[in-house]
Amino acid sequence: HKYSLLVYPFLPSVKNTYRPITKQINGVSETVPHLAYYGIGTIGLTTEANVFWGGFKMHGLLTLRNPRYLDYENTFTFSNGQTEEISYSGNFASGISRVELELDPSYTTANWRFWGSARYYSRQYASRTNLAYFNGHWETFAGIDRKINDKCKMSLNFVNLFFQNGAKGSIDVADTITDPELLKGIVMAGSYIRPFTIDFSITMKF
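Structural notes, computed from the coordinates.

1. Comments concerning the side chain of H59
Part 1 of the argument: Position of H59 among the secondary structure elements: in strand β7 (residues 56-64).
Part 2 of the argument: In this structure the side chain of H59 is engaged in a polar contact, spanning 2.7 Å, whose partner is the side chain of E48.
Part 3 of the argument: With sequence-adjacent residues up to four places away left out, H59 is seen in contact with E48, A49, N50, E102, L103 and D104.

Written out as structure tokens, the structure is:
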């Protein structure tokens, strides 16, 4: 058996990046460039365990963290002359889950390998204002590998065994929305997780 524990202290990182900002001006989306200076700091913990029993192996990984923006103050000016000040300081960093869990069981014989993988991602904020977010979701995988001989292997893989729906990422247009009522009825999307899929492959070595 193998166990490990990692603890991450409060480590601020400074960012200096051009980031386009989008806002609805008279019903039209307007994007303006913006030079942002800010930091991200977090207290985090990662623990990992590996358990072996004959041909069976279980790998587990748990990550807890608390990433927040530091000194992230903004002033935006748009074509209609409107100036808007928004502070993201103290908000959770967008596109990052505070809790991640990974479970990877497998069983191996001389010619067969059965494996699975389940990964959980907790809520991810899609906007820096933390008003838009994607709910937590599972991403699941499994497979069966068959070794025919030293030069041939067959694999049957499954994706999204639990038929989960979910999305992740960030939505730039929501970064300038500070009234949660304005988010109602707006269709937004990030990067969707893969749908249920079955893959079959044969690998040949020459």
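2. What about the environment of N91?
Part 1 of the argument: Note on placement: N91 falls in the loop between β10 (83-87) and β11 (99-108).
Part 2 of the argument: Sequence separation between N91 and P67 is 24 residues, and the spatial gap between their C-alpha atoms is 8.4 Å.
Part 3 of the argument: With residues up to four places along the chain from it excluded, the contact list for N91 reads P67, R68, Y69, R128, T129 and N130.

3. Let's talk about the pattern of salt bridges
Part 1 of the argument: Tallying each qualifying case throughout the model produces four salt bridges.
Part 2 of the argument: Between D199 and R194 there is a salt bridge whose closest N-O contact spans 3.8 Å.
Part 3 of the argument: R194 sits in the partly exposed class, given a relative accessible area of 46%.

4. Quick word on the nonpolar core
Part 1 of the argument: Of all hydrophobic cores here, the largest spans 10 residues; its members are A36, Y38, I40, Y69, Y72, F76, F78, I86, Y88 and A93.
Part 2 of the argument: Tallying contributions element by element places strand β5 (residues 35-41) first for this core, with three residues.
Part 3 of the argument: Setting aside chain neighbours within four positions, we find Y69 in contact with Y38, G39, I40, Y88, S89, G90, N91, F92, A93, S94 and R128.
Part 4 of the argument: In terms of nonpolar packing, the next biggest core, distinct from the first, is built from eight residues, A126, A132, A167 and I171 among them.

What counts as what
- Residues numbered from 1 in each chain as written.
- Predicted model: local features only at pLDDT ≥ 70, side-chain atom pairs only at ≥ 80, totals over all residues.
- Heavy atoms only, no water.
- Helix = DSSP H or I, 4+ residues; strand = E, 2+ residues; numbered from the N terminus.
- Polar contact = N/O pair within 3.5 Å; in protein donor to acceptor, adjacent residues only side chain to side chain.
- Contact = heavy atoms within 4.5 Å.
- Salt bridge = Lys/Arg side-chain N within 4 Å of Asp/Glu carboxyl O.
- Buried < 20%, exposed > 50% of the residue type's maximum accessible area, 1.4 Å probe, protein only.
- Core = buried A, V, L, I, M, F, W, Y, C linked by side-chain atoms within 4.5 Å.

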